[in-house]
Amino acid sequence: MTLIEKNTQFIKSTAAQLGFSYCGIAKAARLDEDARRLESWLNKGFHGGMTYMENYFELRVDPSKLVPGAKSVITLLLNYFPGEQQKRNVPQVSKYAYGQDYHEVIRGKLRTLLQLIKENIGEVHGRGFADSAPVLEKTWAQKSGLGWIAKNGNLITKEKGSFFFIATLIIDLELQIDDPFIKDYCGSCTRCIDACPTDAILDNKVIDGSRCISYFTIELKDMLIPGKMKGKFENRLFGCDICQDVCPWNRFSKPTSEKAFTPIPAILNFSTNDWEELTEEAFKVIFKNSPLKRSKYQGIKRNLKFMTE
Ligand code: B12
Ligand code: SF4
Ligand code: SF4
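Overview of the structure. None of the values given here were measured: they were computed from a predicted structure. (Residues numbered from 1 in each chain as written. Chains lettered and ligands numbered in written order. Predicted model: local features only at pLDDT ≥ 70, side-chain atom pairs only at ≥ 80, totals over all residues. Heavy atoms only, no water.)

### Some words on the overall build of the chain
Logical step 1: Along its length, the chain carries 12 helices and 8 strands.
Logical step 2: Since a compact globule built from 309 residues should have a radius of gyration of about 19 Å, the 20 Å found for the chain is in line with a globular shape.
Logical step 3: Carbon and sulfur atoms provide 51% of the accessible area of the chain, an area that totals close to 15200 Å².
Logical step 4: Considering the chain, the positive charge centre built from 43 side chains and the negative charge centre built from 37 side chains are found 1 Å apart. (Helix = DSSP H or I, 4+ residues; strand = E, 2+ residues; numbered from the N terminus. Rg over C-alpha atoms; globule rule 2.2 N^0.38 Å. Areas by Shrake-Rupley, 256 points an atom, 1.4 Å probe, with all protein chains shown as cover. Lys, Arg positive; Asp, Glu negative; His and termini not counted. Charge placed at Lys NZ, Arg CZ, Asp CG, Glu CD.)

Written as structure tokens, this is what we have:
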């Protein structure tokens, strides 16, 4: 076994021990094709008010701008599919937000992984990211063989579906590269497109972010949800899973074993009335470590009002 193979094996087995379901590796290089896709997406205004998507364009398409001398992009998937789900007739919270904030959970795991790489392999520089930095995470996952980018815009794994967070670790260490995932198993299916209540799923795997319920309920911050969307939210309070729930590949989802993603009891038990009567003080206590704090109390109240009135 060569040293590169040995190091690769060490990283993949350590990732599995840390609870990641998948680990794939791609060569760090500029993403020329994706740069064009991203540019066109931005030019069409599909990012709506998410102005952060306009920033750091070069960093987003070139890993060596984030980590000087970058050689490998390691992509890791962490399952968040919950063992138990909310009842259907109450305000719906996306499954990714049932438990503790994934940013903290994943950050901790990436820090440990990088530390163990340094201890066992030597002087290695790198940075870990999960939904918090200008990195085209789905593209790296596809490039490292983990799955395909589907019509609903998500990365799907053939074995376990799409209810995964994506994390990336960019390092200046040469590793064994995985083959990209070439096939696309969406075929002639259009279930997600047909089911999306706001017509946010366009052709060629392009998502109009500015029409997505996830955008309206999480990213809009202090702004009002446009009236033309009235009646289209299908009970979504925070985020939206519709295009994943209808996807046949998610029949293969298995509950996560990550303790931190165990649903907060309130999310499973709250009735519409409980959400309506929730006070700011109680919100701050109950959702202290939850992704819902991103929308703040006022955001959750706005969403609730928009859905129910
Ligand atoms: C901005 C953003 C959003 C926006 C815009 C959505 C979007 N599709 O861009 C909003 C707020 C609407 C959103 C919603 C959601 N998001 Co989001 N979001 C992001 C974020 C921060 C950036 C995505 C991005 O770069 N968009 C810009 C457009 C241009 O890029 P793109 O659609 O990703 O397409 C690029 C590539 O996929 C590639 N590409 C596209 N097609 C093809 C085809 C081939 C063959 C190839 C090679 C490449 C390729 O080219 C494009 C341009 O570079 C990422 C985290 C990250 N840093 O990557 C999370 C991320 C994509 N989101 C995630 C999740 C979970 C969601 C939600 C499910 C949350 C929810 N339940 O409410 C929804 C799903 C909506 C949907 N159907 O996509 C996960 C997806 C996990 C997965 N399994 O795929 C990510 C990766 C966060 C994470 N780290 O886990 N999101
Ligand atoms: S998350 Fe919901 S609103 Fe957004 S594209 Fe999917 S189905 Fe449409
Ligand atoms: S619902 Fe069908 S078209 Fe949409 S992502 Fe799943 S397999 Fe692909």
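### Quick look at the sheet that holds strand β4 (residues 126-129)
Logical step 1: Spatial ordering of the open sheet is given by β1-β2-β7-β4, a layout of 4 strands whose pairing is antiparallel. Bordering the open sheet on either side are β1 (22-27) and β4, each of which pairs with just one other strand. The mean angle between the axes of side-by-side strands here comes to 20°, regardless of whether they run parallel or antiparallel.
Logical step 2: Pairing analysis gives 4 bridges linking β4 to strand β7 (residues 164-171), with the strands arranged antiparallel. The partner of Gly 126 across the bridge, within β7, is Ile 171. (Pairing = 2+ DSSP bridges. Axes fitted to C-alpha atoms, helices over the stretch in contact; angles between N-to-C directions.)

### Brief notes about the site of ligand 2
Logical step 1: Around ligand 2, the surrounding shell consists of Cys 196, Thr 198, Ala 200, Ile 201, Cys 212, Ile 213, Cys 240, Ile 242 and Cys 243.
Logical step 2: A breakdown of the residues in the shell around ligand 2 according to their chemical character gives 8 nonpolar, 1 polar and no charged. (Near = heavy atom within 4 Å. Nonpolar A, V, L, I, M, F, W, Y, C, P; charged D, E, K, R; others polar.)

### Some details on the site of ligand 1
Logical step 1: As a structural note, the neighbourhood of ligand 1 is formed by 34 residues, with Arg 37, Glu 137, Asn 152, Leu 155 and Ser 214 the closest of them.
Logical step 2: Within the contact set of ligand 1, a nitrogen atom lies 2.8 Å away from a backbone nitrogen or oxygen of Asn 152.
Logical step 3: In this structure, an oxygen atom belonging to ligand 1 sits 2.8 Å away from a side-chain N or O atom of Ser 214.
Logical step 4: Only α2 (32-43), α5 (137-143), β7, α7 (213-219) and α8 (242-245) provide two or more residues apiece to the shell around ligand 1.
Logical step 5: Broken down by class, the residue content of the shell around ligand 1 amounts to 17 nonpolar, 9 polar and 8 charged. (Polar contact = N/O pair within 3.5 Å; in protein donor to acceptor, adjacent residues only side chain to side chain.)

### Structural notes on the nonpolar core
Logical step 1: The biggest cluster of nonpolar side chains holds 81 residues, and the ones touching the most others in it are Ile 74, Leu 76, Val 93, Ile 171, Trp 275, Phe 287 and Leu 292.
Logical step 2: For this core, the element with the highest residue contribution is helix α4 (residues 102-121), accounting for 7 residues.
Logical step 3: Discounting residues that sit within four places of it in the chain, Val 93 has contacts with Gln 86, Tyr 98, Leu 237, Phe 238, Ile 267, Trp 275 and Leu 292. (Core = buried A, V, L, I, M, F, W, Y, C linked by side-chain atoms within 4.5 Å. Buried < 20%, exposed > 50% of the residue type's maximum accessible area, 1.4 Å probe, protein only. Contact = heavy atoms within 4.5 Å.)

### Some points on the packing of aromatic side chains
Logical step 1: A complete count under the given rule lists 23 aromatic pairs for this structure.
Logical step 2: Judged by centre distance (5.3 Å) and plane angle (40°), the ring pair of Phe 283 and Phe 287 falls under tilted.
Logical step 3: Accessibility expressed as a relative area gives 1% for Phe 287, which makes it buried.
Logical step 4: Here a set of aromatic residues connected by ring pairs shows up, and it is made of Tyr 80, Phe 81, Tyr 96, Tyr 102, Phe 163, Phe 165, Phe 238 and Phe 261.
Logical step 5: Looking at Lys 230, its charged tip hangs above the ring of Phe 306, at a distance of 4.4 Å from the centre. (Phe/Tyr/Trp six-rings, centres within 6.5 Å; stacked < 30°, edge-to-face > 60°. Lys NZ or Arg CZ within 6 Å of the ring centre and 35° of its normal.)

### Comments concerning the side chain of Asp 208
Logical step 1: Tracing the sequence through the fold places Asp 208 in the loop between α6 (191-195) and α7.
Logical step 2: The buried charged residue Asp 208 lacks any salt bridge partner; its closest oppositely charged side chain belongs to Arg 211, at an N-O distance of 4.9 Å.
Logical step 3: Those residues in contact with Asp 208 that lie beyond four places of it in its chain are Phe 46, Ala 200 and Leu 202. (Salt bridge = Lys/Arg side-chain N within 4 Å of Asp/Glu carboxyl O.)

### Considerations on the pattern of salt bridges
Logical step 1: Applying the stated criterion to the full structure yields 13 salt bridges.
Logical step 2: The salt bridge partner of Lys 65 is Asp 62, with a shortest N-O separation of 3.1 Å.
Logical step 3: Using a relative accessible area of 9% as the deciding quantity, one classes Asp 62 as buried.
Logical step 4: In this structure, Lys 205 engages Asp 184 in a salt bridge whose closest nitrogen and oxygen atoms are separated by 2.6 Å. In this pair, Lys 205 sits in the loop between α6 and α7 while Asp 184 sits in the loop between β7 and α6, placing the two residues 21 residues apart along the sequence.
Logical step 5: Taking relative accessible area as the criterion, Lys 205 reaches 34% and is therefore assigned partly exposed.
Logical step 6: Overlapping salt bridges, with partners in common, bring together Arg 30, Asp 32 and Glu 58 in one network.

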